[in-house]
Amino acid sequence: MNNSRRKFVKNMSLGIAAVSTFNPLSKPYADKIKIGVIGTGLRGQAHISTLLKRTDTEITAICDIEPKMLEMSRKLFKDTGKPLPKIFTGDAYAYRKLLDPKSIDAVIIATPWELHTPMILDALAGGLKYIATEVVLGVTLEDHFEVVRSTEKNNAQVMMLENACYRRDTLAITNMVRQGLFGELIHLQGGYQHDLRGVKFNDGITPYNSGAEFGEKGFSEAKWRTNHSVNRNGDLYPTHGVGPLAVMLDINRGNRFESLNSFSTKARGLHNYIAKKGGADHPNTKVLFKLGDVVTTHIKCTNGETILLQHDTNLPRPYSLGFRVQGTGGIWMNLNNGIYIEGQSKYDHERWDDAKEWLEKYDHPLWKRWSKEAYQTGHDGIDFFVMNAFIEAAKRKEPTPMDVYDAASWSAITPLSENSIELGNETVTFPDFTGGKWMSRKNDFASTDAY
Ligand SMILES: NC(=O)c1ccc[n+]([C@@H]2O[C@H](COP(=O)([O-])OP(=O)(O)OC[C@H]3O[C@@H](n4cnc5c(N)ncnc54)[C@H](O)[C@@H]3O)[C@@H](O)[C@H]2O)c1
């Protein structure tokens, strides 16, 4: 039995053992939990919609500083006939009053990136034990360390809501990896390759493709996200690409990211978009964007694999996370929807199998069980799984399947890649957020069909 097959069997037997000894009645199991949501913008509203479909959660409090977003959220409650939550608003710190463990069991944070770390730290200081944050965890490397240390100190769970880890294709590929079909993993690729020009700029009223404004004159992400493209150069959004790959590679569970370097191209796409959308004389044509149009990051893992990530959000292109999973036994690529498994594929190595048949054959148990519920939520069903995982862990008072170490190491790619580019593409060392625990932790992510 090869190494990865042995590891899979070992990991799976741990998963099965965990399930067979699990008895909800013997644990402090809650039938229903109370949730607070901070940030009821477009993503917060998607989470509210997902939660309103559940019978085991009650959203008792929401917070935002924009009346328009609060009104849109209130409508979601009214449409389902569920009780309206208590609303916290009025100033940038109103959320602190929501963070009361006597009133809520868990909090979900869906605000601009730069607010995640301070809000998580306040939630931990306030005594909350289940905290979910949207991607990414923080901005600076110090942010990531602070959240990790404070989570450990408070014995809490901080889960980053990385929904890409629940994609039907990447979970089927994870299943195949664990069953040894790709042999020993060697090289993986992914990224965030999404034309966001119509998100980074709008008319201040409608969110997508409506204008050339950003910052104070923008609406939703154009209000804050675009400023990161003005001021920072690095892989600004690494976690959708790296999350599923980290799961396959047992990162923080027998393996870890050791070093990385990043390269960035020149910046043209955002300027050209403003000129096209707002006219050559639009004041925003004078803005200089620091973010290169394509940022490429190479990560080295302790067990000898490499990962190539690409951040590509400023140019015209169709969406693709550009996954590639390659081992000693075969390869999957999502762009050409192809799989080749040596000795098992239909053709010799000159041709690809259509991945569809393989992905169906190795469909993950989670998808087999929950696809009906999943397809009622956003992003092709993955929003159901990520929220379900957080809620089920909180009800059982168990560790969340993706924890603060995962959040920190996936999201710290951003400041590390900025650092590498700043240093002339130098290779920089990846910190070990687990403080050595990666050597003994086991990978039980999605090891059953429970959550
Ligand atoms: N995983 C995914 O698929 C996915 C998709 C979209 C967005 N996101 C992430 O979700 C997060 C939010 O993005 P979004 O698209 O909803 O942006 P958004 O701008 O629509 O929403 C952010 C909300 O936060 C509110 N806010 C700002 N400061 C606040 C404060 N001090 N207190 C309370 N509320 C405050 C804003 O008023 C706004 O309503 C980001 O981290 C983004 O990257 C993830």
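Residues numbered from 1 in each chain as written. Predicted model: local features only at pLDDT ≥ 70, side-chain atom pairs only at ≥ 80, totals over all residues.

(A) Spatial organisation of the UniProt feature "domain: Glycosyl hydrolase 109 C-terminal" (unreviewed entry) in the chain. Under the local residue numbering, the UniProt record ascribes the feature "domain: Glycosyl hydrolase 109 C-terminal" (unreviewed entry) to residues 171–354. Secondary structure content for residues 171–354 is 23% helix and 25% strand, and the end C-alpha separation is 17 Å. (UniProt positions renumbered as here; feature names shortened; annotations may be inferred. Helix = DSSP H or I, 4+ residues; strand = E, 2+ residues; numbered from the N terminus.)

(B) Structural context of the domain arrangement of the chain. Segmenting the chain into domains produces domain 1 (19–162) and domain 2 (165–369 + 403–439). Averaged C-alpha coordinates put domain 1 and domain 2 at centres separated by 25 Å. Residue-level contacts link 19 residues of domain 1 with 20 residues of domain 2. Of all the secondary structure elements, the ones that give two or more residues to the side of domain 1 that touches domain 2 are helix H6 (141–154) and strand E6 (157–160). (Domains from an automatic or database assignment. Contact = placed C-beta atoms within 7 Å.)

(C) How the structure looks around helix H10 (residues 239–248). Along H10, 10 of the 10 residues are buried, which leaves the element largely enclosed by surrounding structure. Two residues or fewer past H10, Asp 250 is found with a positive phi of approximately 60°. (Buried ≥ 20, exposed ≤ 12 C-beta atoms within 10 Å, placed from the backbone.)

(D) Main features of the pairing of strand E4 (residues 106–109). Taking every second residue as pointing to the same face, both faces of E4 are buried, with Ala 106 and Ile 108 on one and Val 107 and Ile 109 on the other. Relative to strand E5 (residues 130–133), E4 is paired through 4 bridges, and the arrangement is parallel. Bridge pairing in E5 places Ala 106 opposite Tyr 130. (Pairing = 2+ DSSP bridges.)

(E) Summary view of the packing of H6 against helix H15 (residues 404–411). Running from N to C, H6 and H15 point in directions that differ by 175°, and their axes come no closer than 10 Å. Between H6 and H15, the interaxial angle falls into the category roughly antiparallel. When H6 is examined against H15, the residues His 144, Val 147, Val 148 and Thr 151 are found in contact with a partner set consisting of Val 404, Tyr 405, Ala 408 and Ser 411. In terms of residue class, the contact of H6 with H15 is built from 5 nonpolar, 3 polar and no charged. (Axes fitted to C-alpha atoms, helices over the stretch in contact; angles between N-to-C directions. Parallel < 35°, antiparallel > 145°, perpendicular 65-115°, else oblique. Nonpolar A, V, L, I, M, F, W, Y, C, P; charged D, E, K, R; others polar.)

(F) The nonpolar core, seen in detail. Counting residues in each nonpolar core, the largest one holds 112 residues, and the members touching the most others are Val 107, Ile 131, Phe 390 and Ala 408. When residues of this core are assigned to domains, at least three fall in each of domain 1 (19–162) and domain 2 (165–369 + 403–439). Residue contacts for Ala 408: discarding those within four places in its chain leaves Leu 137, His 144, Val 147, Val 148 and Phe 433. (Core = buried A, V, L, I, M, F, W, Y, C linked by C-beta atoms within 7 Å.)

(G) Spotlight on the site of the ligand. Surrounding the ligand, one finds 26 residues, the nearest of these being Gly 39, Gly 41, Arg 43, Glu 134 and Ser 220. Going through the elements one at a time, helix H2 (42–52), helix H5 (113–125) and helix H9 (221–231) are the ones with two or more residues in the shell around the ligand. Taken together, the residues that form the shell around the ligand break down as 12 nonpolar, 8 polar and 6 charged. Two domains each provide a minimum of three residues to the shell around the ligand, namely domain 1 (19–162) and domain 2 (165–369 + 403–439). (Near = placed C-beta within 6 Å.)

(H) Structural view of the packing of H10 against H15. The geometry of H10 relative to H15 is characterised by a closest axis approach of 9 Å and an angle of 130° between their N-to-C directions. One way to sum up the angle between H10 and H15 is to call them oblique. H15 is crossed by H10, and the crossing has right-handed handedness. Residues Thr 239, Val 242, Gly 243 and Ala 246 of H10 pack against Asp 406, Trp 410 and Ser 411 of H15. Of the residues assigned to the contact of H10 with H15, the class counts are 3 nonpolar, 3 polar and 1 charged. (Left-handed = near helix turned anticlockwise from the far one by under 90°.)

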